[in-house]
Amino acid sequence: MGKLLYDEASIPSIVEYAQRLENKTIDEVNTEQNSYAGIHQNSQQIGQKQNKKNKGAFGNYLEEAYFGKKNDNKSQADFPLAHLELKASPLKTLSNYEVRVKERLVLNHFTFTDIDKEVFENSHFKEKNENILLVFYHYDSKLFPGDLKVQLADLWQCLKEDEAQLRADWQIIADKVHAGKAHEISEGDTLYLGACTKGATAATSMQLQPHSDIKARGRALCFKSCYINHIYQILTQRKEHGRILENRILSKNETFEQKINALFNPYLKKSAEEICAIRGEKYNPANKSRYADIARKIVGLKKSEDNLYEFNASGIQLKTIRVEPDGTSIESLSFKNVDFCGIVEEEWEESDFYSAITSKFIFVLFKHDTKDSEYYLDRVVFWQIPENDYQIFKDVWEDTKRKIKSGDYEHFIKISENHVSHIRPKGKNAKDVMYTPQGSYEKKKCFWINQEYIQKNVLDKVYKS
């Protein structure tokens, strides 16, 4: 191995070297700086060994052929002298030409025994991932790793940016292990830092846990897809516009749930009209979306949720429900419109729908006590879909994908066919259409969570338990 073209002990030097790749491929830059010989004598052989469809192929090639480091499974950071971890994250381009991160970013596997012994301050997560060099590249399954174009390379100091929430997420995972409930860990438990499953199947990845005889599926810590996509957007904006003003609602030591409760507590038991009066806002009883609008204004949201840092980073969904005197509601819950062209290219755990159902929900419940009385803000509930139900949502998603791929837009799963989820139109009218893989236009449709499921899993537990 020849002389390295960067200082292994310097974060700025390593980052600057990585940024030479921006808008180029690894092989292009290696050729320009004649570093096949200078860094790794057999870079081309490395590329030939990497299966282009292997998820880790680009990252391995980046590490070996560009940085001249032998890929290994050591627990220390990739650049130990600089205390810097290297991570590659693939990008995808949507049908509307928006560029997004393709999947969650797996950080490191952990054993339940190890995390049971840790506290956050001396955790393996904190030690290894405090400084991360992120390399975002355009994914293409048909190309070899050395031919994939890099979009962005930059440093992300996650604890400097988001320590309070990452600490809270890590503690939720650790607390389940401490309580002998590692088998109940779910990606939906947390906001930014997830504990995703590892292993090809549940049967082959089961592990012992320290405080229970029940085996639990092996897990790895990851940045959830919404959070890593948020990081990509933030780093892109900072590079293009300098240090930008980020619209945050959390102070440094607050968690998301603490802040949301603090924002809504002053308005509990107040009617929609009273809340508007307190806030000095106009109340319009003819506005059908007035309850949703009030909830959004309380937390500072505009029409979309991407104007607040924490909502954008977590993918958390704010939903309002009108509850009748007997604790029931007739409302199903909708998601974003299905991207007909995008879904046929997705895998389940990389899909927008998977990201949505593994994110937390904030239910803002407006209730009235008699049929003719005004609805008032009764309570705010944080909730996530139980992981045991993910398969049912996956079945609906797979059925939808299969029918879109075959050009069948008339026979999606209906609310009467499934007790959990269905798909139906959400467009404003018949002219609200979307382009399809077949080159035609079809009425927009979206996934819904059935009213029956929300009633059983949320409202009954709030009002009838």
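As the structure is a prediction and not an experimental result, all values here were calculated from the model. (Residues numbered from 1 in each chain as written. Predicted model: local features only at pLDDT ≥ 70, side-chain atom pairs only at ≥ 80, totals over all residues. Heavy atoms only, no water.)

Two elements in contact, helix α11 (residues 272–279) and helix α12 (residues 290–299), have axes whose closest approach is 11 Å; the angle formed by their N-to-C orientations is 35°. Where α11 crosses over α12, the two elements pack in a sense that is left-handed. Touching A272, I275, C276 and R279 of α11 are Y291, I294, K297 and I298, all from α12. Per-class residue counts for the contact of α11 with α12 are six nonpolar, no polar and two charged. (Axes fitted to C-alpha atoms, helices over the stretch in contact; angles between N-to-C directions. Helix = DSSP H or I, 4+ residues; strand = E, 2+ residues; numbered from the N terminus. Left-handed = near helix turned anticlockwise from the far one by under 90°. Contact = heavy atoms within 4.5 Å. Nonpolar A, V, L, I, M, F, W, Y, C, P; charged D, E, K, R; others polar.)

Attention now moves to the sheet that holds strand β11 (residues 333–337). On the basis of which strands lie adjacent, the open sheet formed by three strands has the order β11-β17-β14 and antiparallel pairing. Two strands close off the open sheet at either side, each with one partner strand: β11 and β14 (421–425). Taking each pair of neighbouring strands and ignoring which way they run, the sheet shows an average axis angle of 30°. In this sheet, strand β17 (residues 445–449) lies alongside β11 in antiparallel orientation, the contact comprising three bridges. Opposite N337, over in β17, you have C446 as the bridge partner. Contacts from helix α16 (residues 390–406) reach β14 and β17, with the element oriented near 165° to β17. (Pairing = 2+ DSSP bridges.)

Along α11, the positions that sit buried rather than exposed are A272, I275 and C276. Each buried residue of α11 sits inside an arc of 100° when the element is viewed along its axis, so together they form one side. Along α11, the residues that are exposed and aim more than 90 degrees away from the buried face are A277 and I278. Taken from the residues just after α11, G280 is the one with a positive phi, measuring 70°. (Buried < 20%, exposed > 50% of the residue type's maximum accessible area, 1.4 Å probe, protein only. Arc of directions from axis to C-beta.)

Another point: a nonpolar patch on the surface. Nonpolar side chains collect at one region of the surface, where V433, Y435 and Y441 lie side by side and expose about 310 Å² of accessible area between them. The residue Y441 is located in strand β16 (residues 441–443) in this model. (Patch = residues over 30% accessible without salt bridge, like charges linked within 9 Å, V, L, I, M, F, W, Y side chains within 5 Å. Areas by Shrake-Rupley, 256 points an atom, 1.4 Å probe, with all protein chains shown as cover. Salt bridge = Lys/Arg side-chain N within 4 Å of Asp/Glu carboxyl O.)

Turning next to the sheet that holds strand β12 (residues 361–367). Spatial strand order, β10-β12-β13: three strands in an open sheet with mixed pairing. Unpaired on one side and paired on the other, β10 (317–323) and β13 (376–383) mark the two borders of the sheet. On average, each strand axis in the sheet is inclined to that of its neighbour by 20°, with strand direction left out of account. In the sheet, β12 pairs with β13 via seven bridges, with the strands oriented antiparallel. Across the sheet, K367 pairs through a bridge with Y376, a residue of β13. Across the sheet, helix α17 (residues 451–463) is in contact with β10, β12 and β13; its angle to β13 comes to roughly 115°.

Time to look at the packing of helix α10 (residues 256–264) against α12. Axis separation between α10 and α12 bottoms out at 9 Å; the angle between their running directions is 115°. Classified by chirality, the crossing of α12 by α10 is right-handed. Taken together, the residues of α12 that come into contact with α10 (itself represented by I260, L263 and F264) are A295, I298 and V299. Residue composition of the contact of α10 with α12, grouped by class: six nonpolar, no polar and no charged.

To continue, consider unusual backbone geometry. The phi angle at N23 is positive, at roughly 65°, despite the residue not being glycine. With respect to the helices and strands, the residue N23 is situated in the loop between α1 (11–19) and α2 (26–32). Positive phi, close to 70°, is recorded for K269, a residue that is not glycine. Topologically, K269 is positioned in the loop between α10 and α11.

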